[in-house]
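Analysis of the macromolecular model
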Amino acid sequence: DAGLPAYAVVFDTPASVCELRNSERDRPIPKGTLRSQMTRFRDVLERLETEGFDAIHRHQPVAAVPPPIATASSQDSPAPMAQSHSFGLLVSRFDWDRPDMSAALASIARRAEEAGFRDLWVMDHFRQIRGVGRPWEDIPEAYTTLSYLAGVTERIRLGALVTGITHRHPVVLGKMIATLDVLSGGRATCGLGLAWDQEEHAAYGIEFPPTSERYARLEVTLRMLPLLWGKGSPEFEGVTFSAQELICYPRPIQDPIPILLGGSGEKRTLRLAARYADACNLLGNPGRVGHKVQVLLSHCEAEGRDPAQIEVTHLTNAMVAGDRGELRKRIDRLRGRDQSAEDFARRHNAGTTDDLVALFSSYAAAGADHSIVAMPDIAQEGSLEAFADVITSFASP
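Residues numbered from 1 in each chain as written. Predicted model: local features only at pLDDT ≥ 70, side-chain atom pairs only at ≥ 80, totals over all residues. Heavy atoms only, no water.

Looking now at the pattern of salt bridges. Counted by the stated rule, this structure contains 24 salt bridges. For Arg111, the salt bridge identified is with Glu381, shortest N-O distance 3.9 Å. Within this pair, whereas Arg111 is found in helix H4 (residues 101–115), its partner Glu381 is found in the loop between strand E15 (370–374) and helix H14 (383–393), the two being separated by 270 residues in sequence. A relative accessible area of 56% places Glu381 in the exposed class. A salt bridge links Glu219 to Arg275; its shortest N-O distance comes to 3.1 Å. Highlighted residues: Glu219 in helix H8 (residues 211–229) and Arg275 in helix H9 (residues 269–276), separated in sequence by 56 residues. Each of Arg93, Asp95, Arg134 and Glu137 takes part in a single network of salt bridges with overlapping partners. (Salt bridge = Lys/Arg side-chain N within 4 Å of Asp/Glu carboxyl O. Helix = DSSP H or I, 4+ residues; strand = E, 2+ residues; numbered from the N terminus. Buried < 20%, exposed > 50% of the residue type's maximum accessible area, 1.4 Å probe, protein only.)

In structure tokens, the structure reads:
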């Protein structure tokens, strides 16, 4: 009568499900009453078609919006868009259904470059880590892989997220990264971290010193690398190692190679980032990242460092599709039999383009300059191309 559109939404729950739910209630309704309700429901369905609704929507599979996306999308005032926000891509799994790993990896790298990702990262581990895959799954050595990627790409930056400080002698590592920089035409980033996987170290017989010693090694390496990459052949004295001559030829193209420090430790890691690094890499939701940024700012003030000199990056999962129907199809192709679509979506921040723009706007508002994403469908055609729409949403007009 008021001239407003009216819609009917039908929740056609199977009878067996209704009966099971009823049996689990503290005070179940009588079985006869339930059967009577379900019979009347069928009569209602028949009448709906004749009652003049503008449309009748029947239940369909639901793609649950992960909490970080829901929070980002529900703000009364959308977070201001950071026009300078950029994106990187982490290749963390290599269990693709393709016989030729090199061809598949080259395809991913070129597609990422074309989609507008600024940098491409691999993990520095010798076996696959828990939480990502199983120990016996394929994971090639990081710097051999990065050297290969340098030869199949042209613009995208390359780095390990992040190199464990215990994995290589610091001078050997510095020489490797300098070589990568030269052979890639100046596209290397040095990612460093404390190293954490004690089981991996034990499996391979690699020394895993106490935390305090690993921090000492990390700080010595942060001090040494710019000297190795610089002019001349200076002598170096450190508490964990010393060198008579730091010679590195050919010298890197970048002067200096940027150093990204991974980790969110507030007392020591972020202090080292404020003192030595060109970038930091944080984990967590936008609220947690925002807190860590404030800690970093306080360390910068104590160190007399301009915080604008340190790029704030963060790592998270992401999966995107243009609409919810396509998103559900992508989720169903990838999720395991024992994992619900909702759990998969939650773990991987699966959403539409608008969902992810809202999510990364929240990260930008929290102080992140750069988002690095791990995508479960990275090898599937269309996945990186769909994420290009997210990247474009943050491009300068």
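We are not done yet, so read on.
In terms of residue burial, strand E3 (residues 86–91) counts as a mostly covered element, since six of its six residues are buried. By the alternation rule, side chains of E3 split into Ser86, Gly88 and Leu90 and Phe87, Leu89 and Val91, which are all buried. Summarising the sheet, E3 and E15 pair through five bridges and their orientation is parallel. Pairing of Phe87 across the sheet is with Ser371, part of E15. Pairing between E3 and strand E4 (residues 119–122): four bridges, direction parallel. (Pairing = 2+ DSSP bridges.)

A word on helix H5 (residues 142–152). The complete set of buried residues in H5 reads Ala142, Tyr143, Thr145, Leu146, Leu149, Ala150 and Val152. Between the side-chain oxygen of the N-cap and the backbone nitrogen of Tyr143 there are 3.1 Å, and the N-cap of H5 in question is Glu141. (Polar contact = N/O pair within 3.5 Å; in protein donor to acceptor, adjacent residues only side chain to side chain.)

Below, the discussion takes up the nonpolar core. When a protein is soluble and globular, its nonpolar side chains tend to lie buried together. Counting residues in hydrophobic clusters, the biggest one holds 96 residues, and the most contacted among them are Leu89, Phe117, Leu192, Trp229, Phe360 and Phe387. Residue contributions to this core peak at eight residues, all from H8. Among the nonpolar cores identified, the runner-up in size contains eight residues, and Met319, Leu327, Ala345 and Ala350 belong to it. (Core = buried A, V, L, I, M, F, W, Y, C linked by side-chain atoms within 4.5 Å.)

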